[in-house]
Amino acid sequence: MKWVIESSPHLQSPETVPQIMVSVFAALVPAGFWGVFRFGMHSAFVVLTSIAGCVLLEFISQKWVFKTTVRIGDGSAALTGLLMAYCLPPDMPLWQVLVGCFFAIFIAKECFGGLGNNLFNPALIGRAVLLTSFPVTMTRWQIDGVTQASPLGIWKESIGASLPSYGTLFVGGIPGSIGETSKLLLIAGGLFLLARGIISWHVPVSTIGSVFVLSIFFRQDPVFQVLSGGLILGAVYMATDTVTGPLTARGKLIFGFGCGLLTVCIRNLGSFPEGVCYAILIMNMLVPLIDRFTRQRIYGKKT
Amino acid sequence: MDEKIGFDPRRPETLSSEDILFRVRTAGIVGLGGAAFPTHVKLEPPKDRKIDSLVLNGCECEPYLTADHRVMLEETDKVLGGLVLAMRALGVQTGIIAIESNKPDALAGFAEAIRRFPQVRVVSVKAAYPQGSEKQLIKTVLRREVPSGKLPMDIGCVVQNVQTAKAIHDAVCDGTPLFERVLTVTGSVKRPANIRVRIGTPLSDLIDFCGGLTGDIRKLIFGGPMMGLSQTALDVPVIKGTSGVVALSAKEAKRIPPTRCIRCGRCVEACAMGLVPMMMGRLMERGCTDALDEWSYSDCMECGRCSYECPAKIPLLHYIRMAKVLGRKKQTVKGMDSAI
């Protein structure tokens, strides 16, 4: 008889990293279908190009550039592709999407050491680079070929057009990025992840809560501020990225508050109508610092 | 083999602290929760330590094991008797029996049995591994923390396992030395059971008694699945600290190969000591052993929850154990340097 000798513990929880990625992916899919339904087939091609581009670039960089183990099976590159496509406009040229994939996967992720070592959220780096490189296509929102101003654009530029109702904002009957419009489906997906224990409530609640409260200080309609733009998508799916977020519950609350504060500041004081992307990226930079100051107290040790 | 040490069958109420300690010592009693720390040492703290409470640990030390639960149900009075004797030996006035809330029968049994002893009370605690750990139990029951590197007696309390209490009772009242214990045989065996066995019984006899192994066994463990030691052969004897034998099938003991850490924080949440296992894992993976010191790896009690919870299946506890070994080596080298 021959048995295996291994150090304890002898049991492992069934949950694995690919399963986590698949769950997040699944939670996001309904909002994407809504986007394709609203904005037309081209947005589906944007999403598929983004996913394929990210996975392919991850494969190339792992196989031939850094010569490490190819780990595209963990699903993280596909998820990055999906998330990046969700914050792109529906009629984005596909070659520009691929430029975004390059910066998201190669620069922001693999150059930093791959999954687990990246400082910034790759999808948001992709979007940030595209926004500065192609400002025209990145801010052109169309439905059925007709270009319209996004709700935040109307609000920012004080165009005469009236703002959509809360109901329209919530269901997603507005122009916007492919995956950000339907708050209903995004929140439903978020609740699914919360129930599965994949995200915790801390980051979404503190991000959305601080945007709500701080908008009041800027004399803005807090409900409109929360329901428009990419706030829900960012707070529930991007700020909760574990790799680029803090470790402890206290750290997550601080991180979320920072995201909310910066979003409100950029929206009200900056020249961009939307600030969620930059807010999260700036807070990503502060994560090592937050982790350092929010360490748990060790049992039996004085602080 | 069954002869007993020749004690006077005196009434325990009249025994002095010294009598009790003498009997506990000569009966060879050690902590039966698994650590096998000599009980008479625990019951005889240095004079400058003032002990005020004795906590009886009725929390199962690990998942899969149910031996302590069985002993609490079947030997309620002897366990309680042992607790009272230990309290007398220590001279403490408060005895607390801590039982996990998922054992209502044991809770009810002790609630009934303690009526004669106003100085003893029963506390129901949350059933969550590692609740049976001494330090965690003290925090739950007494709201005190054992300072890092100190013992429970330094903060005025002593913890004893329920089987140890029963052994104290048997030694003092009947003069029985510690030659048997109750342990759990479970997992992939034909008839899983809690059995009373002699110390020294070979593992093969236990397996035979339980009807033999079933199916495809990958691992055979002495102790529980979280902290136990895996065995290679069946002729290993039961020792005083053996709390169970678990046979794990290939399916249960399957190891998923490790992937990259995604900083999900589950290990941080799981750690009952408030450590950051992922940080120690990362430093060990990269060989940054100098940076380990600020992460207090020596406070780890090796419960294994970090490794269990990790979705990337990184052997975090194994890395922490390696860190401890490295730390000891470093200290030895330092000591040798100063000696020269």
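What counts as what
Residues numbered from 1 in each chain as written. Chains lettered and ligands numbered in written order. Predicted model: local features only at pLDDT ≥ 70, side-chain atom pairs only at ≥ 80, totals over all residues. Domains from an automatic or database assignment. Pairing = 2+ DSSP bridges. Helix = DSSP H or I, 4+ residues; strand = E, 2+ residues; numbered from the N terminus. Axes fitted to C-alpha atoms, helices over the stretch in contact; angles between N-to-C directions. Contact = placed C-beta atoms within 7 Å. Nonpolar A, V, L, I, M, F, W, Y, C, P; charged D, E, K, R; others polar. Parallel < 35°, antiparallel > 145°, perpendicular 65-115°, else oblique. Left-handed = near helix turned anticlockwise from the far one by under 90°.

How big an interface is tends to be expressed through the accessible area that disappears when the partners come together. You can read the domains of chain B as domain 1 (12-174), domain 2 (180-249) and domain 3 (266-339). Between domain 2 of chain B and domain 3 of chain B, the C-alpha centre-to-centre distance is 30 Å.

Okay, the sheet that holds strand S9 (residues 244-249) of chain B next. Residues and elements named next belong to chain B. Taken in spatial order, the five strands of this open sheet run S6-S5-S9-S7-S8, and their pairing is mixed. The open sheet has two edge strands with one neighbour each: strand S6 (193-198) and strand S8 (229-231). Put simply, the sheet's adjacent strands are angled 30° from each other on average, direction ignored. When strand S7 (residues 217-222) meets S9, the two strands line up antiparallel, connected through five bridges. Bridging from a neighbouring strand, Ile217 pairs with Ser249 of S9. Sheet strands in contact with helix H3 (residues 67-74) are strand S5 (180-187), S6 and S9, and its direction is about 130° off that of S5.

A few words on the interface of chain A and chain B. Every contact between the two is made by 30 residues of chain A and, on the other side, 46 residues of chain B. In terms of residue class, the side of chain A that touches chain B is made up of twelve nonpolar, twelve polar and six charged.

Take the sheet that holds strand S4 (residues 157-161) of chain B next. All names here are of chain B. Ordered by their spatial adjacency, four strands build an open sheet running S3-S2-S1-S4, and the pairing between neighbours is parallel. The open sheet has two edge strands with one neighbour each: strand S3 (120-125) and S4. If you compare each strand with its neighbour and ignore which way they point, the axes differ by 25° on average. In this sheet, S4 lies alongside strand S1 (residues 53-58) in parallel orientation, the contact comprising five bridges. Along S4, the bridge assignment pairs Ser53 with Cys157.

Here we come to the packing of helix H5 (residues 122-133) of chain A against helix H14 (residues 276-293) of chain A. All names here are of chain A. The geometry of H5 relative to H14 is characterised by a closest axis approach of 10 Å and an angle of 130° between their N-to-C directions. By the angle between their directions, the pair H5 and H14 is classed as oblique. The crossing of H5 and H14 is left-handed. Contacts between H5 and H14 involve Leu124, Arg127 and Ala128 on the former and, on the latter, Cys277, Tyr278, Ile280 and Leu281.

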